[in-house]
Amino acid sequence: MSKVPYSDVAERARKLPTVPVPQAALGPEVPKAGYVLEEIADGVFWLSEGMYQMMFVVTDEGVVAVDAPPTLGHNILRAIRSVTSRPITQVVYSHQHSDHVGAISVYPEDVPRYAHRITAQRLALLGDPNRPPPTHVFDDTLTIEAGNHSLQLDYKGPNHAEGNIFIYAPTQRVLMLVDVIFPGWVPFSNLAVSANIPGFVNAQEQTLEYPFEKLVGGHVTRPGTPDDVRTQIEYVQDLRSTTEAALSSVDLEKILTPVDATNAWAIFRAYLDAVAAQAADELVPRWSQRLGGADIFTLPNAWAMAEALRLDYGSMGPFGIAP
């Protein structure tokens, strides 16, 4: 049996030209220090290294830090010290994923750490010393009173992760929701590798229930706005309707002609790949000038949406109820 040249396929994909990133997707230039820091509201600071982002709030008592991406690591402490000498007094987990909270260990061990109960359960199972367990958990909503500021932590159900939360600073009108909204960009691959795609879709609309002016999304190059949320909702709605049409309109007989009929996984792969490709062929020209990465991640986003349509929303295409 000949070796499947997966590495060759990946190399060819890397060499393909990409669509220029739209101006609306670009953020501030990252200086030599390795991070960019911006006060996006009174006492609320947005911190990024160009792809990951977090926020911290400076109060008259100390600093509330939300998340700790490893790509920022100890630069988080340098950034905080550049604007205040006050100590870190509270830490918040948005969810359990290590790419956003894998440097929580840089914070003082003796400060309160807040998380949703599901996130706390996941962290307990993982046992990662860089993600120490929270000291305070909640189920629905919890407000952190921190000096002259407050943070409202809300759980609205599973979305990107089972315990992913909304973090809102009402006085400053700043909302943080990680791995759901990608300001200026299409969602990360496979609809942000979400644990619950209907929840991910619903979370976009839930975002607009908050009267926020600035959004910290966890990715990618800049803070967001309500208009960024509306644009992503439009993209995902277009993704859903276009992919749903493709589920039934692809030529199944033509697709399966060269496929080994005894290989069930090959049959499903051929079908789902064709559905995603047909949807992406329609979507990318419509979105490549509006959102960054439309040519990169629309194909896997369509694949994920096809599976959500089949398994969650009940649009089974040719694999529906047999006559």
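Residues numbered from 1 in each chain as written. Predicted model: local features only at pLDDT ≥ 70, side-chain atom pairs only at ≥ 80, totals over all residues. Heavy atoms only, no water.

Draft legend 1. Local environment of the overall build of the chain. For the chain, the helix and strand inventory stands at 10 helices and 12 strands. Relative to a compact globule of 323 residues, whose C-alpha radius of gyration would be 20 Å, the chain shows 21 Å and is just as compact. Along the longest, intermediate and shortest principal axes, the C-alpha atoms of the chain span 70 × 45 × 40 Å. The buried share among the 323 residues of the chain stands at 52%. (Helix = DSSP H or I, 4+ residues; strand = E, 2+ residues; numbered from the N terminus. Rg over C-alpha atoms; globule rule 2.2 N^0.38 Å. Buried < 20%, exposed > 50% of the residue type's maximum accessible area, 1.4 Å probe, protein only.)

Draft legend 2. Structural view of the side chain of D228. Counting through the fold element by element, D228 comes out in helix α7 (residues 226–249). When its relative accessible area of 13% is taken as the criterion, D228 is described as buried. Beyond its immediate stretch of four places on either side in the chain, D228 contacts P183, G184, R222 and P223. (Contact = heavy atoms within 4.5 Å.)

Draft legend 3. Representation of empty space enclosed by the protein. Evaluation of the coordinates by the stated rule reveals 1 cavity of 30 Å³ or more. Size it by volume and the largest cavity reaches roughly 30 Å³. Listed by contribution, the elements that provide at least two residues to the lining of the largest cavity are β8 (141–146) and β9 (149–154). Per-element accounting of the lining of the largest cavity gives the leading share, 3 residues, to β9. Per-class residue counts for the lining of the largest cavity are 5 nonpolar, 3 polar and no charged. (1 Å grid on protein atoms, 1.4 Å probe; cavity = no way out; pocket = protein on both sides within 12 Å on 5 of 7 lines; lining within 4 Å. Points joined across faces, edges and corners; volume = space filled by probe spheres on them. Nonpolar A, V, L, I, M, F, W, Y, C, P; charged D, E, K, R; others polar.)

Draft legend 4. Local environment of the sheet that holds strand β5 (residues 88–92). Ordered by their spatial adjacency, 7 strands build an open sheet running β1-β2-β3-β4-β5-β6-β7, and the pairing between neighbours is mixed. Only two strands of the sheet have a single partner each, and these edge strands are β1 (36–41) and β7 (136–138). On average, each strand axis in the sheet is tilted by 20 degrees relative to the strand beside it, whichever way the strands run. Contacting β6 (113–116) and β7, helix α4 (residues 117–126) crosses the sheet at an angle of about 105 degrees to β6. (Pairing = 2+ DSSP bridges. Axes fitted to C-alpha atoms, helices over the stretch in contact; angles between N-to-C directions.)

Draft legend 5. Region of the structure containing the UniProt feature "domain: Metallo-beta-lactamase" (unreviewed entry) in the chain. What UniProt calls "domain: Metallo-beta-lactamase" (unreviewed entry) maps, in this numbering, to residues 51–219. Between the C-alpha atoms that bound residues 51–219 the distance is 5 Å, and the span itself is 23% helix and 26% strand. (UniProt positions renumbered as here; feature names shortened; annotations may be inferred.)

Draft legend 6. Up close: the packing of helix α9 (residues 264–287) against helix α10 (residues 294–311). Running from N to C, α9 and α10 point in directions that differ by 130 degrees, and their axes come no closer than 8 Å. Between α9 and α10, the angle is such that the two are oblique. When you trace α9 past α10, the crossing you get is right-handed. For the pair α9 and α10, contact is made by F268, Y271, L272, D273, V275, A276, A277, A279, A280, L283, V284 and W287 and by A294, D295, T298, L299, A302, W303, A306, E307 and R310, respectively. Here the residues of the contact of α9 with α10 are counted per class, giving 16 nonpolar, 1 polar and 4 charged. (Parallel < 35°, antiparallel > 145°, perpendicular 65-115°, else oblique. Left-handed = near helix turned anticlockwise from the far one by under 90°.)

Draft legend 7. Molecular detail of the pairing of β5. Burial analysis of β5 places 4 of its 5 residues in the buried class, the great majority of the element. Here strand β4 (residues 63–66) runs beside β5; their pairing, made up of 4 bridges, is parallel. By the bridge assignment for β5, V63 is matched with I88. Handedness of the crossover is the feature at issue here: the chain leaves β4, passes through helix α2 (residues 75–83), returns alongside β5, and the resulting connection is right-handed. Where β5 lies against β6, 2 bridges are found, and the strand directions are parallel. Paired with V92 across the two strands is Y114, which belongs to β6. (Right-handed = clockwise from strand over helix to strand, strands pointing away.)

Draft legend 8. How the structure looks around the packing of aromatic side chains. Overall, the coordinates contain 7 aromatic pairs when judged by the stated rule. Ring geometry for Y168 versus Y210: centroids 5.2 Å apart, planes at 55 degrees, classification tilted. Taken together, the positions of Y168 in strand β10 (residues 166–169) and Y210 in the loop between α6 (197–207) and β12 (214–216) put the pair 42 residues apart, joining distant regions of the chain. The same class applies to Y168 as to Y210, namely buried. Ring-pair connections join several aromatic residues into one group, and the members of that group are F166, Y168 and Y210. We note K156 situated over the ring of F166; from NZ or CZ to the ring centre the distance is 5.7 Å. (Phe/Tyr/Trp six-rings, centres within 6.5 Å; stacked < 30°, edge-to-face > 60°. Lys NZ or Arg CZ within 6 Å of the ring centre and 35° of its normal.)

Draft legend 9. Summary view of the side chain of N75. Within the secondary structure, N75 sits in helix α2. For N75, a relative accessible area of 15% corresponds to the buried category.

Draft legend 10. Main features of the pairing of β9. Here β9 lies mainly inside the structure; 5 of its 6 residues are buried. With 6 bridges connecting them, β8 and β9 associate as antiparallel partners. By the bridge assignment for β9, T143 is matched with Q152. Connecting β8 to the antiparallel partner β9 that follows it, the hairpin turn spans 2 residues, and G147 within it adopts a positive phi of roughly 60 degrees. As judged from the 3 bridges shared by β9 and β10, these two strands associate in the antiparallel manner. For L153, the partnering residue across the bridge sits in β10 and is I167.

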